[in-house]
Structures are given as C-alpha cells and as structure tokens.
Amino acid sequence: MNSILNISAYKFVNLPDAPALRDLLHGWAQELELKGTILLAGEGINLFLAGPADAVRGFVTRLHQDARFADIAPKESWSASQPFKKMLVKVKNEIIRMDHPAIQPAAGRAPAVSAATVKRWLDQGVDDNGRPVVTLDTRNAFEVDHGTFDGAIDWRIDKFSQFPAALQEHKAELEGKTVVSFCTGGIRCEKAAILMREVGLDSVYQLEGGILKYFEETDGAHYHGSCFVFDERRTLEADLSASDLAATKI
C-alpha cells in the first residue's frame, strides 16, 4: 500500500532570513517526523519531503502561513516506503546552482506554459502561432539517459552550472523556434528560460512544474522512459509510480 506522501516544491523569493528559517523549518519537520531535504538561499526555497499524508500536509499548511510561501503548490506522488534516510535543512548560495548571479527569478520569471499546452503543441508540432516547437532538457546527462521528451535537445551537461556556456555554444540552433525548457520539477528550467531570453531568444517558455507536473496532468504522451528523482525511488514512471528498476535498488 502506498501510504507515504512525497512532495516537491520550490519558490524563488527573497529570503534574507534564510539561516533563521533553517532552524524553524527543521524544527517543524522533526516534530512531524518527516524526512527529506530543504534548501534555502537568499533567492528562495527548494524542498523535498516525505511522510504520512497528514504530517506532510500539516507542514505545508504551516508554510503557507508565511505570506512569502502562501502560493506554493507542491507536486505530489506516493510510495510504499520512506524514500529518504534523514531530514536535512541547508542554507546554500543558490537553491539551484547556476553560477550566474545576474539571473534573479524572484525579480521576474520567464513565461510558463502548462502541461496541457505543451502536450497540445507537441501533438501539433507547432505552437499556436505556427512556429516550430522544440523541447530543451536542462537536466544533467545521466538524468536525461533515464528518459526525456521525444526529440528533446540535450547538450550533455554534467552539472547545471555548465548550462550558460552550453547556451552560448548552441544558441543558433534555437533561433526561429519556440523553445520549451524543462527539468524534473521546474526549478532549473525557470533559470534557464530567463537566461535564454536575456541572450536574445524571443520565444522561450518554461514547462510549469516540470516533468513531474506533466506526468500528473497528462498521460505522459511524447515522453519516453522514466524520470530520475533524487531519492531512493530513483526513477518514476508517467503514472508517478516508482519504476521496477528503482524497486530492485531500494
């Protein structure tokens, strides 16, 4: 029986009090006996939590009481066992490292498109204005190897901080196309979409909620394989269940 609720969420928002928040959120998680990872930085929050549904949702309810996090809407999936070994809350320089300080999503994000819209565009092969659509995978190469959108552009980066250089090298490939950047949960493709717009690409979008939201809201059409996740489930199928391969490794 899948009785463990797994959530992931992030938000780019100014958090000058990140160190104090670390202690507060760690205390809540310990009290509710949750496990997972919460990353905090001056630019925002990125969290992955798992536990009994009442406890996980209780944590989210408390988080929503802070006006800065009131609109956080976690992506949910279920598992039969706890996929994390411990509870970690860390303060970092960035909640997703890009090493490009000029990119500040809290100051304004790139346009996002819903899972349903992306599916429709991929069905059509063009966007609503008739421009050819390409998907750009912003994840690391080993993640892409587990699964990605059919025909997705993959620059074989080993870490996200390599993305800016890869963009400069391959920018010409994207010109004249509608580019949909995507990643596991939305955080990397949000920074990537902003950077692409800053270098002059004028038709760039991010997939709202990433692959996990796409799985949640569609039948997974146009996606081949599974989605790598950074916990003991290892990979998730389009129905958000852990893959058979993952089950053998836990």
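Chemist: When you look at the pattern of salt bridges in this model, what are you seeing that I'm missing?
Modeler: Pairing is possible between side chains that carry opposite charge, provided their charged atoms lie close to one another. Tallying each qualifying case throughout the model produces 21 salt bridges. Here Glu 43 makes a salt bridge to Lys 191, at a shortest N to O gap of 3.2 Å. Of this pair, Glu 43 sits in the loop between β2 (35-41) and β3 (44-52) while Lys 191 sits in helix α6 (residues 187-198), and the two are 148 residues apart along the sequence. Exposure remark for Glu 43: the relative accessible area of 10% places this residue in the buried category. Residue classification places Lys 191 among the buried positions, given a relative accessible area of 1%. The closest approach of N and O atoms between Lys 119 and Asp 123, which form a salt bridge, is 3.3 Å. In this pair, Lys 119 and Asp 123 are both assigned in helix α3 (residues 115-124), four residues apart and thus about one turn of the helix distant. Since its relative accessible area comes to 22%, Lys 119 is described here as partly exposed. Residue class for Asp 123 comes out partly exposed when judged on its relative accessible area of 47%.

Chemist: Could you clarify how one ought to interpret helix α7 (residues 210-217) in this entry?
Modeler: Because the α-helix completes a turn every 3.6 residues, residues three or four places apart line up on one side. Extensive coverage of α7 is indicated by the burial of six of its eight residues. Every buried residue of α7 is listed here: Gly 210, Ile 211, Leu 212, Lys 213, Tyr 214 and Phe 215.

Chemist: Just checking my understanding: could you explain the packing of α3 against α7 for this structure?
Modeler: Helix-helix packing is described using two parameters, namely the angle between the two axes and the distance between the axes. Their axes nearest at 9 Å, the elements α3 and α7 cross at an angle of 85°. By the criterion of interaxial angle, the relationship of α3 to α7 is roughly perpendicular. Contacts between α3 and α7 pair Ala 115, Val 118 and Lys 119 from the former with Lys 213, Tyr 214 and Glu 217 from the latter. Considered class by class, the residues forming the contact of α3 with α7 number three nonpolar, no polar and three charged.

Chemist: Help me understand the sheet that holds strand β5 (residues 87-91), please; the structure alone is not making it clear to me.
Modeler: Strand-to-strand pairing in sheets goes through backbone hydrogen bonds, with the strands running parallel or antiparallel. Strand order in the open sheet made by the five strands is β4-β1-β3-β2-β5, with mixed pairing throughout. Whereas interior strands pair on both sides, the edge strands pair on one side only; in this sheet they are β4 (75-79) and β5. Neighbouring strand axes in the sheet, compared pairwise and without regard to direction, differ in orientation by 15° on average. Both strand β1 (residues 4-12) and β4 contribute to a ladder of five bridges, which runs antiparallel. The residue bridging Asn 6 from the neighbouring strand is Ser 77, located in β4.

Chemist: Please clarify how the packing of aromatic side chains should be interpreted in this entry.
Modeler: Note on aromatic pairs: each is described by the distance of the centres and the angle between the planes. Evaluation of the coordinates by the stated rule reveals twelve aromatic pairs. Taken together, a centroid distance of 5.7 Å and an interplanar angle of 70° make the contact between Tyr 10 and Phe 12 edge-to-face. Each of the two residues, Tyr 10 as well as Phe 12, counts as buried. Between Phe 142 and Phe 228 the ring centres are 5.1 Å apart and the planes differ by 80°, which places this aromatic pair in the edge-to-face class. With Phe 142 in helix α4 (residues 141-144) and Phe 228 in strand β13 (residues 227-228), this pair connects stretches of sequence that are 86 residues apart. Judged by its relative accessible area of 7%, Phe 228 falls in the buried class. One aromatic cluster is present, built from ring pairs that chain together Phe 149, Phe 182, Tyr 214, Phe 215 and Tyr 223. A cation over an aromatic ring shows up here: Arg 197 above the ring of Tyr 205, its NZ or CZ 5.8 Å from the ring centre.

Chemist: Teacher, can you tell me more about the pairing of β3 here?
Modeler: When a strand is regular, its side chains alternate between the sheet's two faces. Within β3, seven of the nine residues are buried, leaving the element largely enclosed by the surrounding structure. Two elements, β1 and β3, share nine bridges in a ladder whose sense is antiparallel. What sits directly across from Ser 8, in β3, is Phe 48. Both β2 and β3 contribute to a ladder of seven bridges, which runs antiparallel. Within β3, the residue paired with Leu 40 across the bridge is Ile 45. Counting the residues between successive antiparallel strands, the hairpin from β2 to β3 contains two residues.

Chemist: So what exactly am I meant to see when it comes to helix α5 (residues 163-174) here?
Modeler: In a regular helix each residue adds 1.5 Å, so twelve residues correspond to 16 Å; α5 covers only 14 Å between its end C-alpha atoms and thus falls short of that length. Note on α5: the residue one or two positions beyond its end, Gly 176, has a positive phi of about 85°.

Chemist: I tried to follow the sheet that holds strand β11 (residues 204-207) on my own but got confused; where do I start?
Modeler: Strand order across the open sheet formed by five strands is β6-β11-β10-β7-β9, with parallel pairing between neighbours. Looking along the sheet, the strands with just one partner apiece sit at the ends: β6 (112-113) and β9 (153-154).

Rules behind the numbers
- Residues numbered from 1 in each chain as written.
- Predicted model: local features only at pLDDT ≥ 70, side-chain atom pairs only at ≥ 80, totals over all residues.
- Heavy atoms only, no water.
- Salt bridge = Lys/Arg side-chain N within 4 Å of Asp/Glu carboxyl O.
- Helix = DSSP H or I, 4+ residues; strand = E, 2+ residues; numbered from the N terminus.
- Buried < 20%, exposed > 50% of the residue type's maximum accessible area, 1.4 Å probe, protein only.
- Axes fitted to C-alpha atoms, helices over the stretch in contact; angles between N-to-C directions.
- Parallel < 35°, antiparallel > 145°, perpendicular 65-115°, else oblique.
- Contact = heavy atoms within 4.5 Å.
- Nonpolar A, V, L, I, M, F, W, Y, C, P; charged D, E, K, R; others polar.
- Pairing = 2+ DSSP bridges.
- Phe/Tyr/Trp six-rings, centres within 6.5 Å; stacked < 30°, edge-to-face > 60°.
- Lys NZ or Arg CZ within 6 Å of the ring centre and 35° of its normal.
- Expected span 1.5 Å × (residues − 1).

These values are about where atoms sit, not about what they do.
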